[in-house]
Amino acid sequence: MKPVLAIAAWSGTGKTSLLKKLIPALCAKNIRPGLIKHTHHHMDIDTPGKDSYELRKAGAAQTMVASAQRWALMTETPEESALDLNYLVSRMDHSMLDLVLVEGFKHEPVAKILLFRSNSGHEIHELILDEHVIAVASDVPLSLAVPVLDLNDTDEIVQWIQEWMIRQ
């Protein structure tokens, strides 16, 4: 199993913005990241009117759409009460990955970098620094018991992630 690292923060703090910078920067260092994004919204990656959508809606428990460029597996989980991050990670093809990044899942017991942005509407004392928080990326200097990274310095964060991966 590859290392799993969550990027967690309040909504609007910049998780996706950071990941959009981190992923290509990690790739440039020959690190192959996978990504699991948590959403609280009802989502559907399929399109109404497409054959795959119609067949899935007809009752298929799993539907795979495949082309020469990519494939996607959609699994219906109406009976599931909560997402199981370990299960989701286990569904990934680890032979193609060096690291699994997770956006969200802040309450899961996995290594995580918390984000803090000074204009997010939250205060530093609201951060929950449990035993799974391995660093905080912030846009302002902070004095914490874990490493504090510059939220605006992608290279610094990538370097820190590389060093963390080596220690795994």
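Just so you know, these numbers come straight off a predicted model, no measurement behind them.

**Remarks on the environment of P48**
Position of P48 relative to the elements: it lies in the loop between β2 (33–37) and α2 (51–57). Looking at P48, the relative accessible area reads 57%, which means it is exposed. Apart from residues lying up to four places away in sequence, P48 is in contact with Y53 and E54.

**Overview of the sheet that holds β2**
Strand order across the open sheet formed by 6 strands is β2-β5-β1-β6-β7-β8, with parallel pairing between neighbours. The strands lining the two open edges of the sheet, one partner per strand, are β2 and β8 (148–150). Averaged over all adjacent pairs, the angle separating strand axes in this sheet is 25 degrees, with direction ignored. Pairing between strand β6 (residues 112–116) and strand β7 (residues 133–138): 5 bridges, direction parallel. Looking across to β7, one finds that K112 is bridged to V133. Of the strands in this sheet, β1 (4–8), β2, β5 (99–103) and β6 are in contact with helix α1 (residues 15–28), which crosses β5 at around 170 degrees.

**Points about the packing of aromatic side chains**
As enumerated under the stated definition, the model contains 1 aromatic pair in all. Summarising the aromatic geometry, the rings of W10 and F116 are spaced 6.5 Å apart at their centres and angled 70 degrees between planes, so their arrangement reads as edge-to-face. In this pair, W10 is assigned in the loop between β1 and α1 and F116 in strand β6, connecting sequence segments 106 residues apart. F116 matches W10 in its accessibility class, with the two residues each being buried.

**What to know about the nonpolar core**
Ranked by size, the top nonpolar core spans 25 residues in total, and within it L5, L22, L99, I113, L115, I161 and W164 carry the most contacts. Elements that contribute at least two residues to this core include exactly β1, α1, β5, β6, β7 and α4 (154–167). A per-element tally of this core places α4 first, with 6 residues. Those residues within four positions of L99 in sequence are excluded, and the remaining contacts are K2, P3, L5, L26, I31, R32, P33, G34, I161, W164 and M165. L85, V89, L97 and V102 belong to the second largest nonpolar core, which has 10 residues in total.

**Let's talk about α1**
The end-to-end C-alpha distance of α1, which contains 14 residues, comes to 20 Å, matching closely the 20 Å that a straight helix rising 1.5 Å per residue would cover. For α1, every residue scored as buried is listed here: K15, L18, L19, L22, A25 and L26. Projected onto a plane normal to the axis of α1, the buried residues spread over an arc of 140 degrees and lie on a single side. Seen from the open side of α1, the exposed residues pointing more than 90 degrees away from its buried face are K20 and A28.

Parameters and conventions
Residues numbered from 1 in each chain as written. Predicted model: local features only at pLDDT ≥ 70, side-chain atom pairs only at ≥ 80, totals over all residues. Heavy atoms only, no water. Helix = DSSP H or I, 4+ residues; strand = E, 2+ residues; numbered from the N terminus. Buried < 20%, exposed > 50% of the residue type's maximum accessible area, 1.4 Å probe, protein only. Contact = heavy atoms within 4.5 Å. Pairing = 2+ DSSP bridges. Axes fitted to C-alpha atoms, helices over the stretch in contact; angles between N-to-C directions. Phe/Tyr/Trp six-rings, centres within 6.5 Å; stacked < 30°, edge-to-face > 60°. Core = buried A, V, L, I, M, F, W, Y, C linked by side-chain atoms within 4.5 Å. Expected span 1.5 Å × (residues − 1). Arc of directions from axis to C-beta.

On their own, these measurements won't tell you what the molecule is for.
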